[in-house]
Amino acid sequence: MARVKIYLPYYMVEPVNDEVPGRRFYGEAHLSLKTAWYRMLVLATPKQLPFEKVPVGGVKLDPLVGPREYGLRIEEALNRAQEIYASKPAFKIGGLRGLLRMMYDGLRGRKAKAGPELEARLILHYAVEVLGFEPGSKLRVYPETLWLPVEIGYSGRTITNAYIVSGGRREEFPLLVKFARLDPNVRNALLNAVNGWKPL
């Protein structure tokens, strides 16, 4: 198994005219744009991550779009989800635990309940319950690209593990591994980035 350190691009995002000052989240701007629209917030988090500068010669994935376009894509995805969801009855998800269970099942590739309504529910509930903003919100995306250092372990064409690494600390990043297993576009983007680089 080989290991490579790679830097993922993030933007800091906050709702415009938010009633709660200082509310923001961090959205990944490469892998999340290579996946299906309803999964584009999978790697987004309200948690402050240990961002770093990319060293000379560091392996990185550049943002696929600029900050303004990134915000518009999220707004469009949520508007699309709201349209799908609008005519359906209220959906009880079971709080944050239920939401995370649904996301986990989705990332494991369980298809039993898959369809447009479930896809819409996933992105809407994650946006509202975890990231803290509503469909229809206008988003401000800050221009600075923030770089998340991630160590990826891989064997052949399989991502076997991932860790956020910074300042001598390693935090397991299982969501990235599940995302890569679920979506071949995500897996290929990671493997293409490390192809030809000397493993750790």
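In short, a report on the structure. Quick caveat, the model's predicted, so the values are computed rather than measured. (Residues numbered from 1 in each chain as written. Predicted model: local features only at pLDDT ≥ 70, side-chain atom pairs only at ≥ 80, totals over all residues. Heavy atoms only, no water.)

### Re the overall build of the protein
Quick reminder of the rule: A run of H or I in DSSP becomes a helix once it reaches four residues, and a run of E becomes a strand once it reaches two; helices and strands are each numbered from the N terminus. The classification of residues rests on relative accessible area computed with a 1.4 Å probe and restricted to protein chains. Under 20% of the type maximum is buried, over 50% is exposed, and intermediate values are partly exposed. In this analysis, two residues are considered to be in contact whenever any of their non-hydrogen atoms come within 4.5 Å of each other. Only the protein chains shown count as cover for residues, and all accessible areas are computed by the Shrake-Rupley method using a 1.4 Å probe.
Summing up its helical and strand segments, the protein has five helices and seven strands in all. Along the protein, from the amino end to the carboxyl end, the secondary structure elements read β-β-β-α-α-α-β-β-β-β-α-α. Burial statistics for the protein: of 200 residues in total, 46% are counted as buried. Summarising the internal contacts of the protein: among those between residues at least 6 apart in sequence, 72% fall at separations of at least 24. Only carbon and sulfur atoms are counted for the fraction: they give 50% of the accessible area of the protein, which is about 10700 Å².

### Quick word on the environment of Arg 187
Take Arg 187: it is sitting in helix α5 (residues 184-194). The partly exposed category is assigned to Arg 187, whose relative accessible area is 22%. Taking the C-alpha atoms as reference, Arg 187 lies 8.7 Å from Val 177; in sequence the two are 10 residues apart. Setting aside residues up to four positions removed in sequence, Arg 187 forms contacts with Arg 157, Ile 159, Ala 180 and Arg 181.

### Examining the packing of helix α4 (residues 174-182) against α5
This is how the line gets drawn: Every angle, taken between N-to-C directions, lies between 0 and 180 degrees, and every axis is a line fitted to C-alpha atoms, over only the stretch in contact when it is a helix. An angle counts as roughly parallel when it lies under 35 degrees, as roughly antiparallel when it exceeds 145, as roughly perpendicular when it falls between 65 and 115, and as oblique in every other case. Gly is put with the polar residues, along with every residue not named as nonpolar or charged; the nonpolar set is Ala, Val, Leu, Ile, Met, Phe, Trp, Tyr, Cys and Pro, and the charged set is Asp, Glu, Lys and Arg.
Put simply, α4 and α5 touch, their axes get as near as 5 Å, and they point 115° apart. With respect to their mutual orientation, α4 and α5 come out roughly perpendicular. Every residue of α5 that contacts α4 at Leu 176, Phe 179, Ala 180, Arg 181 and Leu 182 is listed here: Pro 184, Val 186, Arg 187 and Leu 190. Taken together, the residues that form the contact of α4 with α5 break down as seven nonpolar, no polar and two charged.

### Quick notes on the nonpolar core
Quick note on the threshold: Residues enter a nonpolar core if they are buried and are Ala, Val, Leu, Ile, Met, Phe, Trp, Tyr or Cys, with the set joined through side-chain atoms within 4.5 Å.
By size, the foremost hydrophobic cluster in this structure holds 33 residues, and its most contacted members are Tyr 10, Phe 173 and Leu 190. Mapped onto this core, the elements with two or more residues apiece are β1 (2-15), β5 (146-155), β6 (158-166), α4 and α5. Not counting residues up to four positions away in its chain, the partners in contact with Leu 190 are Ile 6, Leu 8, Leu 31, Leu 61, Ile 152, Ile 159, Leu 176 and Ala 180. One finds Tyr 11, Leu 33, Ile 123 and Phe 133 within the second-largest nonpolar core, a separate group that totals 26 residues.

### Considerations on the pattern of salt bridges
Heads up, the rule is: When a carboxyl oxygen of Asp or Glu lies within 4 Å of a side-chain nitrogen of Lys or Arg, that pair is called a salt bridge.
With the rule as written, the count across this model stands at 10 salt bridges. Across the salt bridge formed by Arg 24 and Glu 14, the nearest N and O atoms sit 3.4 Å from each other. Taken together, the residues span a long stretch of sequence, with Arg 24 in the loop between β1 and β2 (25-28) and Glu 14 in strand β1 at a distance of 10 residues. A relative accessible area of 10% places Glu 14 in the buried class. Measuring nitrogen to oxygen at the nearest pair gives 3.7 Å for the salt bridge that ties Asp 183 to Arg 39. Here Arg 39 lies in the loop between β2 and β3 (59-60) and Asp 183 lies in the loop between α4 and α5, a separation of 144 residues in the sequence. The pair formed by Asp 183 and Arg 39 is uniform in burial state, with each residue classed as buried.

### Some points on the side chain of His 30
In this structure, His 30 sits in the loop between β2 and β3. Once you skip the residues sitting within four places of it in the chain, His 30 turns out to touch Pro 9, Leu 61, Asp 62, Leu 64 and Ala 189.

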